[in-house]
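Architecture at a glance
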Amino acid sequence: RASQFSLLLEVFEAAGPVDRREAGVRAFAIAMRACSQLRDGRLARWLMQEVHDCGDLAPNTRLYNSYINCIGRSDGWEAAQQAWGEMRASGVSSDVVTFNTLLQVCAREARGGEAADLFQRMQDQGLEPDGTTVAALIHALDK
């Protein structure tokens, strides 16, 4: 775990900013995806706090999607739902990827009711489902 964390920090530091805001958020998104592979929600939370603490970086939809994915994979549905709440409270809008990520967490945990609610909410927001949406919804409802 320690060597994986060290490697993650090396990659993160090597991504050094060109345009501090865009490159910084992009670097955090890359680091967040690595956290997801490690299923390390603790590190993902730390990274998100670092983004908020930077002051000049604003989390975007892409970063939050990576964050929700990591939290969902490491800590499950309730934690993913909380991360999504943080996203909305920050004024960052959800997209199809956000809903697909949440639906995949529902599918992993056999939460068909929550998946159906998410799908309805997605449609209410005018977002068009894609193949991933349909597959995750079917998988969640099938359990």
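A brief report on the enclosed structure follows. (Residues numbered from 1 in each chain as written. Predicted model: local features only at pLDDT ≥ 70, side-chain atom pairs only at ≥ 80, totals over all residues. Heavy atoms only, no water.)

On the secondary structure map, Arg111 appears in the loop between helix H6 (96-108) and helix H7 (112-124). The class for Arg111 is buried, based on a relative accessible area of 19%. Residue contacts for Arg111: discarding those within four places in its chain leaves Trp77, Glu78, Cys106 and Ala140. (Helix = DSSP H or I, 4+ residues; strand = E, 2+ residues; numbered from the N terminus. Buried < 20%, exposed > 50% of the residue type's maximum accessible area, 1.4 Å probe, protein only. Contact = heavy atoms within 4.5 Å.)

Here we take up the packing of H7 against helix H8 (residues 131-142). At their nearest, the axes of H7 and H8 sit 8 Å apart, and the two run at 150° to each other. Considered as vectors, H7 and H8 are oriented roughly antiparallel to each other. In this structure, H7 crosses over H8, and the sense of that crossing is left-handed. Residues Gly112, Ala115, Ala116, Phe119 and Met122 of H7 pack against Thr133, Leu137, Ala140 and Leu141 of H8. Broken down by class, the residue content of the contact of H7 with H8 amounts to 7 nonpolar, 2 polar and no charged. (Axes fitted to C-alpha atoms, helices over the stretch in contact; angles between N-to-C directions. Parallel < 35°, antiparallel > 145°, perpendicular 65-115°, else oblique. Left-handed = near helix turned anticlockwise from the far one by under 90°. Nonpolar A, V, L, I, M, F, W, Y, C, P; charged D, E, K, R; others polar.)

Across its 13 residues, helix H5 (residues 77-89) extends 18 Å between first and last C-alpha, which sits within 8% of the 18 Å expected from 1.5 Å per residue. Within H5, the full set of buried residues consists of Trp77, Ala79, Ala80, Ala83, Trp84 and Met87. The arc that holds the buried residues of H5, viewed along the axis, is 165°, so those residues lie on one side. Exposed and facing more than 90 degrees away from the buried side of H5 are Gln82 and Ala89. Looking at the buried residues of H5, the elements they touch are helix H3 (41-54), helix H4 (61-75), H6 and H7. One or two steps after H5, the chain reaches Gly91, where phi turns positive at roughly 85°. (Expected span 1.5 Å × (residues − 1). Arc of directions from axis to C-beta.)

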